[in-house]
Amino acid sequence: QVQLVESGGGLVQAGGSLRLSCAASGSIFSINAMGWHRQAPGKQRELVARITTGGLKNYADSVKGRFTISRDNAKNTVYLQMNSLKPEDTAVYYCNADSIIDRYWGQGTQVTVSS
């Protein structure tokens, strides 16, 4: 099992920045990728960014050039730096960790961008 704890959400004005953190614990040796998804009211959960243990990254088109995913292996933590935030980025952001056979989720953190 892998446990994920997110932090860093909040309320910010359009154009502002936030950094989300996701700390992993438990069977972290089994993780081969971590990422962030988000879910806005009435919409499906969507991938925002992902980073593999090999360092490969991919982003949703809507956040390319504005968001950056990174990780600190010593702290077993993944970060999502979000710049130039827009009202349409408002959502609950969920951290996830993938092993070969499972996907684990954090509890989610609310990000609200006011116009």
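Everything that follows concerns the structure shown earlier in this document.
Conventions and cut-offs
- Residues numbered from 1 in each chain as written.
- Predicted model: local features only at pLDDT ≥ 70, side-chain atom pairs only at ≥ 80, totals over all residues.
- Heavy atoms only, no water.
- Pairing = 2+ DSSP bridges.
- Helix = DSSP H or I, 4+ residues; strand = E, 2+ residues; numbered from the N terminus.
- Axes fitted to C-alpha atoms, helices over the stretch in contact; angles between N-to-C directions.
- Contact = heavy atoms within 4.5 Å.
- Buried < 20%, exposed > 50% of the residue type's maximum accessible area, 1.4 Å probe, protein only.
- Phe/Tyr/Trp six-rings, centres within 6.5 Å; stacked < 30°, edge-to-face > 60°.
- Lys NZ or Arg CZ within 6 Å of the ring centre and 35° of its normal.

A. Representation of the pairing of strand β3 (residues 18–26). Bridging between strand β1 (residues 2–7) and β3 involves six bridges; their strand directions are antiparallel. Across the sheet, residue L4 finds its bridge partner in β3, namely A24.

B. View of the sheet that holds β3. Read from one edge of the open sheet, four strands run β1-β3-β8-β7, paired in antiparallel fashion. The open sheet has two edge strands with one neighbour each: β1 and β7 (67–72). In this sheet, adjacent strand axes meet at a mean angle of 20° when their direction is disregarded. Strand direction decides the pairing type here: β7 and strand β8 (residues 77–82), joined by six bridges, are antiparallel.

C. Spotlight on the environment of H37. Within the secondary structure, H37 is located in strand β4 (residues 33–39). Linking H37 and N96, residues 59 residues apart in sequence, is a C-alpha distance of 7.5 Å. Beyond its immediate chain neighbours, meaning those up to four positions away, H37 contacts R45, E46, L47, V48, V92, Y93, Y94, N96, R103 and W105.

D. The arrangement of the pairing of strand β11 (residues 109–114) in detail. Side chains of β11 alternate between two faces, with T109, V111 and V113 buried and Q110, T112 and S114 left unburied. Of the pairings in the sheet, the one linking strand β2 (residues 10–13) to β11 comprises four bridges and is parallel in character. Paired with V12 across the bridge in β11 is V113. Relative to β11, strand β9 (residues 91–98) is paired through three bridges, and the arrangement is antiparallel. Residue pairing in the sheet places A91 in a bridge with V111 of β11.

E. Just the packing of aromatic side chains, in detail. Tallying each qualifying case throughout the model produces one aromatic pair. Look at Y94 and W105: their rings are 6.4 Å apart centre to centre, the planes differ by 90°, and that puts the pair in the edge-to-face class. Of the two residues, Y94 sits in strand β9 while W105 sits in strand β10 (residues 103–105), which places them 11 residues apart along the sequence. Over the ring of Y94 we find R45; its NZ or CZ atom is 3.7 Å from the centre of that ring. A cation over an aromatic ring shows up here: R45 above the ring of W105, its NZ or CZ 4.5 Å from the ring centre.

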